[in-house]
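Structural features, examined
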Amino acid sequence: MQNNISLASHIGDYQFDNLLLNAAGVRCSTTDELNKTLDSMAGGCVTKSATPEERAGNESPRMKALPLGSINSMGLPNHGIDYYLKFAEENQGKNGKQVILSIAGLSIDQNIEMLKKV
Ligand SMILES: Cc1cc2nc3c(=O)[nH]c(=O)nc-3n(C[C@H](O)[C@H](O)[C@H](O)COP(=O)(O)O)c2cc1C
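Given the structure is predicted, the values throughout are model-derived calculations rather than measurements.

Rules and cut-offs
Residues numbered from 1 in each chain as written. Predicted model: local features only at pLDDT ≥ 70, side-chain atom pairs only at ≥ 80, totals over all residues. Heavy atoms only, no water. Helix = DSSP H or I, 4+ residues; strand = E, 2+ residues; numbered from the N terminus. Contact = heavy atoms within 4.5 Å. Near = heavy atom within 4 Å. Polar contact = N/O pair within 3.5 Å; in protein donor to acceptor, adjacent residues only side chain to side chain. Nonpolar A, V, L, I, M, F, W, Y, C, P; charged D, E, K, R; others polar. Core = buried A, V, L, I, M, F, W, Y, C linked by side-chain atoms within 4.5 Å. Buried < 20%, exposed > 50% of the residue type's maximum accessible area, 1.4 Å probe, protein only. Phe/Tyr/Trp six-rings, centres within 6.5 Å; stacked < 30°, edge-to-face > 60°. Salt bridge = Lys/Arg side-chain N within 4 Å of Asp/Glu carboxyl O. 1 Å grid on protein atoms, 1.4 Å probe; cavity = no way out; pocket = protein on both sides within 12 Å on 5 of 7 lines; lining within 4 Å. Points joined across faces, edges and corners; volume = space filled by probe spheres on them. Arc of directions from axis to C-beta.

**Some remarks on the environment of Asn-58**
Along the chain, Asn-58 falls in the loop between strand E3 (44-46) and strand E4 (63-66). In the structure, Asn-58 is positioned 18 residues away from Leu-76 in sequence and 7.9 Å away in space, judged by C-alpha atoms. Those residues in contact with Asn-58 that sit more than four places away from it in its chain are Ser-73, Met-74 and Gly-75.

What follows is the structure in structure tokens.
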């Protein structure tokens, strides 16, 4: 039986063949991980939430897989806004997909600083 259900959608002016994307922070910290998602059947990718500067995050152990899910306190380990902004600039539209840049400043001032760069 043929299945004609479409998962295509849009967020504002941005079109997606499907809206199945990685959750922010999950396998999206490095350009290698982000490229793997863009090269998969996902409809796009979301970058690891960025802070103005690179952060190492909390010491391990900081994530535990459990039978019903997982629990984590990663401490926002990320490569910094410049790293993810460069990836977004270079890969927006790759394979016809959107790159969603996630930011997580630790203050309003940090968010404004990053938004000005964007
Ligand atoms: C290892 C890990 C890192 C995460 N990092 C981020 C992050 O950087 N930014 C963010 O908004 N959410 C982050 N999250 C939260 C996920 O995006 C997601 O909201 C969470 O896993 C709950 O998913 P669910 O709503 O499908 O249950 C992280 C989750 C995990 C497991």
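**Details of the site of the ligand**
Taken together, Ala-23, Ala-24, Gly-25, Val-26, Lys-48, Ser-49, Met-63, Asn-72, Met-74 and Leu-76 make up the full set of residues adjacent to the ligand. Here an oxygen atom of the ligand and a backbone polar atom of Ala-24 are 2.6 Å apart. Split by residue class, the shell around the ligand holds six nonpolar, three polar and one charged.

**A few points about the nonpolar core**
Within the largest apolar cluster, eleven residues are counted, these being Cys-28, Leu-34, Leu-38, Cys-45, Ala-50, Ile-81, Tyr-84, Phe-87, Ala-88, Val-99 and Met-114. Those elements that provide at least two residues to this core are helix H1 (31-38) and helix H2 (81-91). What Cys-28 contacts, discounting residues up to four positions off in sequence, is Asn-22, Ala-23, Glu-33, Leu-34, Val-46, Thr-47, Lys-48 and Tyr-84.

**Concerning the packing of aromatic side chains**
Per the stated rule, a full pass over the model turns up one aromatic pair. An angle of 75° between the planes, with centres 5.0 Å apart, marks the rings of Tyr-83 and Tyr-84 as edge-to-face. Given the relative accessible area of 0%, Tyr-84 is considered buried.

**Regarding the environment of Cys-28**
Summarising the element assignment, Cys-28 is placed in the loop between strand E2 (14-16) and H1. Judged by relative accessible area, which is 0%, Cys-28 ranks as buried. For the pair formed by Cys-28 and Ser-49, sequence separation is 21 residues and the distance between their alpha carbons is 9.0 Å.

**Points about the pattern of salt bridges**
The full count for this structure, using the stated rule, is four salt bridges. Between Lys-36 and Asp-32 there is a salt bridge; the shortest N-O distance is 3.4 Å. Of this pair, Lys-36 and Asp-32 both sit in helix H1, four residues apart, which is roughly one turn of the helix. On the basis of relative accessibility, which here comes to 55%, the residue Lys-36 falls in the exposed class.

**With respect to the layout of surface pockets**
By volume, the largest pocket amounts to about 300 Å³. Lining the largest pocket are 13 residues; nearest its centre among them are Gly-25, Val-26, Met-63, Asn-72 and Met-74. Along the lines of polarity and charge, the residues of the lining of the largest pocket split into six nonpolar, five polar and two charged.

**Structural notes on H1**
Those residues of H1 lying buried are Leu-34, Thr-37 and Leu-38. Taken end-on, H1 shows its buried residues confined to a sector of 100°, consistent with a single buried face.

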